[in-house]
Structures are given as structure tokens and as C-alpha cells.
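Each chain is listed here by its residues.
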Amino acid sequence: MKYDIVALGELLIDFTENGVSGQGNPILEANPGGAPCNVLAMMSRLGHNTAFIGKVGRDMFGEQLKEALEEAGISTIGLVADDKVHTTLAFVHTFADGDREFSFYRNPGADMMLREEEIDLELIKHTGLFHFGTLSMTHDTCRNATKKAVLMAKESGALISFDPNIREPLWEDLSLMRQQIEWGLTKCDILKISDNEIVWLTGEEDYDKGVEWIRSRYDISLILVSLGKEGSIAYSGKERVFVPSFIQEKTIETTGAGDTFFASALHFVLENGLKEYTSEELDRMLTFANAAASIITTRKGALRVMPSKKEIEEIIYK
């Protein structure tokens, strides 16, 4: 079977706050999460054939995650289960402005244990786009698996999309994190990087200068900079386009917003081909992606509640 997009990486449970019990204790909801699968869920919602490569524990949470992927229309043929290591868990604390911080239970977690020989290479050989991030590169075992998959995807002629998705607490050595990000930058055709990540990587507070720093070192066709509630910027060829965000009065959390944004931009790429886009095309891409991201901020979790194309267009044209 031919897939529009295959992603490799972490699949985990995000425990998010959902009220307070009668005894005054926080109530936590077990939401399926993980950036690569959030991207796939949004791509599936937009009508693409998607598949995931990753690892969960052979436990109740692993079963829940497999069911969630299948429910979202994501093929689980590349999902494997670990008999000894439990599914990775993340506890998400949401601040008043909707931003959040994560506490990970991943020492080890099943997603770290994916081995090279467990990768379904046929999936990679039959995809038009391969997507990955750095959380599958924090430790030797999963790093080797990730790099093998990326190189196979490039060899097969797939486009490569990359999200650094910096989570410093998951790395024992930040210089190693930088090395893996830089490796990803050498392999990708499409990069999504957030405002704080571009400052961390380049040392430039000015995003245009940060992108210039990246472009002077790496050959990346399309660079997307997400600016949270400020909006986003796209760089393609000589074009640079900024589009403001769609502010939602009912924003409750930002989990999955960047993934929803990136997936919506990748949808545009798959619909139109990767090329040097005009400013009008970049404006359309970002407007659609920003609108999709704004909707997900009004919902708990991400993977199970991705917006439809109709919902996105209603936000744009209202």
C-alpha cells in the first residue's frame, strides 16, 4: 500500500488536568499523545493515508494508544510492543495562559526501545513523505533506528519533514541534543521550528536572522517558524510571509497546536508539491495551518480531537 506520510517517534500517554475531585485532588485525564502521531492524526483528518512506526509497552496504556491510532485512521502495522518496558507517560501542567510544561516518566519508556530491526522498511519504501523529530533520538537504541529510517526514506525518494521539538529534560547531555538536531537539519526538506527553539539553536532573537543562520548551513526548501499566539512565518526561495494567528476566546491549552499547524502545512505541500512557493501560496498555507492550530487550543488533548477541513474553513471565512 502507498502511504502519503509515515512518521516515526514517540507515542505516549499525556496525563492532562481535568478539574478537581471532591477531595480537592487534581483529576488527570489519560490522553493519547506524542508529536509524530498528532501530525498523523491531523493528516488523516484531512484525508491522507498515514502510518506510524514506534513502540509502546505491552500494557493497558499501550492497548489504549493502539486503539486511538486505529480510531484516528492511522495504520498501526509499524507499531510494536515491548514485553519488559512500560509505555511512556507524560504529565502536563497547564498554566493560566494555556501554555504548559511536561514531566516525563521515561527512564526508560517503551518508545526509547525501538530497535533498527523492528522497523517495517516496506512502510518507508512506500511513502511520499517521512516525518520525524528528536525525541526518538535521545538514546542510542532509538537514535540508531531513527537514523536508519530517515536514510532509507531519503534513498527511496520520500520528502523528509523534521520537527526538533526540544524537550531538554529528556536529554542527559544538551550538546548531544544539538548534534542530533543538526543531523536532522542536514536531512530534511521541510523544517518546522518554534520561536524559542530558533533562538536556542541560532542565538538570534531576530527570527529572520535565525533562519538566515540555518539557511547558510543547511539546504532546506521550506522553513516554517511557529510563533504561538503571534502567528507564523514561512520561508521559501526568496519569499518570506508572516500570517497572524486566529485568537480563540475559549483557548484552554496549547498541547498539539504546533503539530496541528505543521500537519496542515504538510497537507498543503502534498496537495501542491514541494517547490519555491509564491507569497500568495505561502499565505494560504499559513492561514489554513494557523486556523487549524487555533481550533486545537480549545480542546483537551490533540490526537483524538483534530479539526476537520470544514471546521478550519469556517474559522477562516467567518
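Quick caveat: nothing in here was measured; it's all calculated off a predicted structure.

Description of the overall build of the protein
For the protein, the helix and strand inventory stands at 10 helices and 13 strands. On C-alpha atoms alone, the protein measures out to a radius of gyration of 18 Å, which is about the 20 Å that the 2.2 N^0.38 rule sets for 318 residues. Principal-axis analysis of the C-alpha atoms places the extent of the protein at approximately 50 × 50 × 40 Å. Looking at the 318 residues of the protein, the share that counts as buried comes to 56%. Residue pairs in contact within the protein that sit at least 24 positions apart in sequence constitute 70% of those at least 6 positions apart. Counting every atom, the protein has about 13,900 Å² of accessible surface; 47% of that belongs to carbon and sulfur. One way to put it: in the protein the 33 positive side-chain charges average out to a point 2 Å from where the 50 negative ones average out.

Comments concerning the environment of Met285
As for its placement among the helices and strands, Met285 is situated in helix α9 (residues 279–296). Between the alpha carbons of Met285 and Gly24 there is a distance of 45 Å; along the sequence they are 261 residues apart. With near-sequence residues (within four places) excluded, Met285 lies in contact with Leu222, Leu224, Ala265, Phe268, Val269 and Tyr277.

Some details on the packing of aromatic side chains
In the structure shown here, the tally under the stated rule is seven aromatic pairs. With 4.8 Å between their ring centres and 10° between their planes, Phe15 and Phe91 make a pair best called stacked. Taken as a pair, Phe15 in strand β2 (residues 12–20) and Phe91 in strand β6 (residues 89–94) lie far apart in primary sequence, 76 residues in all. On the basis of relative accessible area, Phe91 is assigned to the partly exposed category, the value being 27%. Aromatic ring contacts, followed pair by pair, group Phe15, Phe61, Phe91 and Tyr105 into a single cluster. Positioned over the ring face of Trp200 is Arg178, at 4.6 Å from the centre of the ring.

Digging into the pairing of strand β12 (residues 232–236)
Most of β12 sits out of view: five of its five residues are buried. Of the two faces of β12, the one lined by Ser232, Ala234 and Ser236 and the one lined by Ile233 and Tyr235 are each fully buried. The antiparallel hairpin formed by strand β11 (residues 222–226) and β12 contains five residues in its connecting segment, where Gly228 sits at a positive phi of about 60°. Note: β12 against strand β13 (residues 239–243), five bridges, orientation antiparallel. Its bridge partner being in β13, Ser232 is matched across the sheet by Val243. Where β12 folds back on β13, the antiparallel hairpin that results is connected by two residues, among which Gly237 adopts a positive phi of roughly 55°.

Describing the nonpolar core
Membership of the largest hydrophobic core comes to 52 residues, with the highest contact counts inside it found for Leu11, Phe52, Leu222, Leu224, Leu266, Met285 and Ile312. With 10 residues, α9 is the largest single contributor of residues to this core. Discounting chain neighbours no more than four positions away, the residues touching Leu11 are Gly33, Cys37, Phe52, Lys55, Val56, Leu65, Leu69, Leu79, Thr87 and Asp111. Ranked by size, the runner-up nonpolar core spans 48 residues in total, among them Leu8, Cys188, Ile214 and Val225.

Examining helix α2 (residues 60–71)
In this model, α2 (12 residues) spans 16 Å end to end at C-alpha, consistent with the 16 Å of a helix rising 1.5 Å per residue. Those residues of α2 lying buried are Phe61, Gly62, Gln64, Leu65, Ala68 and Leu69. Buried residues of α2 fall within an arc of 160° about the axis and therefore sit on the same side. More than 90 degrees from the buried face of α2, the exposed residues found are Met60 and Glu71. Along its buried surface, α2 packs onto β2, β3 (26–33), α1 (35–45), β4 (50–57), β5 (74–82) and β6. Capping the start of α2, Asp59 holds a side-chain oxygen 3.2 Å from the backbone nitrogen of Phe61, two or three residues further along. One or two steps after α2, the chain reaches Gly73, where phi turns positive at roughly 85°.

About the cut-offs
- Residues numbered from 1 in each chain as written.
- Predicted model: local features only at pLDDT ≥ 70, side-chain atom pairs only at ≥ 80, totals over all residues.
- Heavy atoms only, no water.
- Helix = DSSP H or I, 4+ residues; strand = E, 2+ residues; numbered from the N terminus.
- Rg over C-alpha atoms; globule rule 2.2 N^0.38 Å.
- Buried < 20%, exposed > 50% of the residue type's maximum accessible area, 1.4 Å probe, protein only.
- Contact = heavy atoms within 4.5 Å.
- Areas by Shrake-Rupley, 256 points an atom, 1.4 Å probe, with all protein chains shown as cover.
- Lys, Arg positive; Asp, Glu negative; His and termini not counted.
- Charge placed at Lys NZ, Arg CZ, Asp CG, Glu CD.
- Phe/Tyr/Trp six-rings, centres within 6.5 Å; stacked < 30°, edge-to-face > 60°.
- Lys NZ or Arg CZ within 6 Å of the ring centre and 35° of its normal.
- Pairing = 2+ DSSP bridges.
- Core = buried A, V, L, I, M, F, W, Y, C linked by side-chain atoms within 4.5 Å.
- Expected span 1.5 Å × (residues − 1).
- Arc of directions from axis to C-beta.
- Polar contact = N/O pair within 3.5 Å; in protein donor to acceptor, adjacent residues only side chain to side chain.

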